[in-house]
Amino acid sequence: GGSLSNKYNDGGDVTKARLNLFPGYMERYKGSMVQEACNEYAAIAKKYGMTASELAIAFCQSRWFVTSTIIGATSLEQLKHNIGAFEKEVPEEALEE
């Protein structure tokens, strides 16, 4: 829904984001600690030179038991960014955090 891309916290235009395009989408996450967890996750990703989305995709890609990684994009730019994340590797230190 865009939580890992930090689009809801960076002050950007979110009028075309899923949470606004589809009323009720991910409603259950809005009142929970999801945003706090995403912010902490983003800080770990930044420490290792990645965005939270890149770290998430790279993590899924690195698991031997994951046969496919599902990505979602609402723009061509985001799709290109997500596809590029498959070239990233997750440092062991990041996994420990």
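Described in the following lines is the structure provided in the data block. Note that residues are indexed from 1 along each chain, following the sequence as it is written. Where totals are concerned, whole chains, interfaces and linings use all residues; where local detail is concerned, this predicted model gives features only for residues with pLDDT of at least 70, and gives and counts side-chain atom pairs only at 80 or more. Neither water nor hydrogens contribute to the side-chain values; these are computed over all heavy atoms in the structure.

1. Section: the overall build of the protein
Reasoning step 1: Every helix listed is a DSSP run of H or I at least four residues long, and every strand listed is a run of E at least two residues long, numbered separately from the N terminus. Helix and strand content of the protein: six helices and zero strands.
Reasoning step 2: In the protein, the order of α-helices and β-strands from amino to carboxyl end is α-α-α-α-α-α.
Reasoning step 3: Burial status across the protein gives 23% buried among its 97 residues.
Reasoning step 4: Every residue pair with non-hydrogen atoms within 4.5 Å of one another is taken to be in contact. For the protein, the share of sequence-separated contacts (at least 6 apart) that also reach a separation of at least 24 residues comes to 56%.
Reasoning step 5: Note that accessible areas follow from Shrake-Rupley with a 1.4 Å probe, and for residues the cover is restricted to the protein chains shown. Carbon and sulfur atoms form 55% of the exposed surface of the protein, whose accessible area is close to 6900 Å². With a 1.4 Å probe rolled over the protein chains alone, any residue whose accessible area is under 20% of its type maximum counts as buried; one over 50% counts as exposed, and the rest are partly exposed.

2. Regarding the environment of I44
Reasoning step 1: Relative to the elements of secondary structure, I44 occurs in helix α3 (residues 34–47).
Reasoning step 2: Along the chain, I44 and L55 lie eleven residues apart, while their C-alpha atoms are 8.9 Å from each other.
Reasoning step 3: If sequence neighbours within four positions are ignored, I44 has contacts with L55, A94 and E97.

3. Thoughts on helix α4 (residues 52–62)
Reasoning step 1: Residues A52, S53, E54, L55, A56, I57 and A58 constitute the buried set of α4.
Reasoning step 2: Tucked inside the fold, the buried residues of α4 contact α3 and α5 (76–84).

4. Quick notes on α3
Reasoning step 1: Here a helix's expected span is defined as the number of its residues, less one, multiplied by 1.5 Å. For α3, with 14 residues, the first-to-last C-alpha span of 20 Å sits near the 20 Å given by 1.5 Å per residue.
Reasoning step 2: Among the residues of α3, C38, I44 and A45 are the ones counted as buried. Viewed along the axis of α3, the buried residues span an arc of 120 degrees, placing them on a single side of the element. With respect to the buried face of α3, the exposed residues turned more than 90 degrees away are E40, K46 and K47. Here the arc refers to the set of directions running from the helix axis out to each C-beta atom.

5. Thoughts on a nonpolar patch on the surface
Reasoning step 1: Judged by side-chain polarity, L76, L79 and I83 come together as a nonpolar surface patch covering roughly 270 Å² of accessible area.
Reasoning step 2: Position of I83 among the secondary structure elements: in helix α5.
Reasoning step 3: Residue I83 is classed as partly exposed on the basis of its relative accessible area of 47%. Note on patches: the residues involved have over 30% relative accessible area and no salt bridge, like charges join within 9 Å, and the nonpolar side chains Val, Leu, Ile, Met, Phe, Trp and Tyr join within 5 Å. Counted as salt bridges are all cases of a side-chain nitrogen of Lys or Arg within 4 Å of a carboxyl oxygen of Asp or Glu.

6. Details of the pattern of salt bridges
Reasoning step 1: Applying the stated rule across the entire model yields two salt bridges.
Reasoning step 2: Where K47 meets E97, a salt bridge forms, and the shortest distance between an N and an O atom there is 3.0 Å. Highlighted residues: K47 in helix α3 and E97 in the segment after α6 (92–96), separated in sequence by 50 residues.
Reasoning step 3: Take E97: its relative accessible area is 45%, and that puts it in the partly exposed class.
Reasoning step 4: One salt bridge in this structure joins K88 and E54, with 3.9 Å as the shortest N-O distance. You can see K88 sitting in the loop between α5 and α6 and its partner E54 sitting in helix α4, a full 34 residues away along the chain.
Reasoning step 5: Judged by its relative accessible area of 10%, E54 falls in the buried class.

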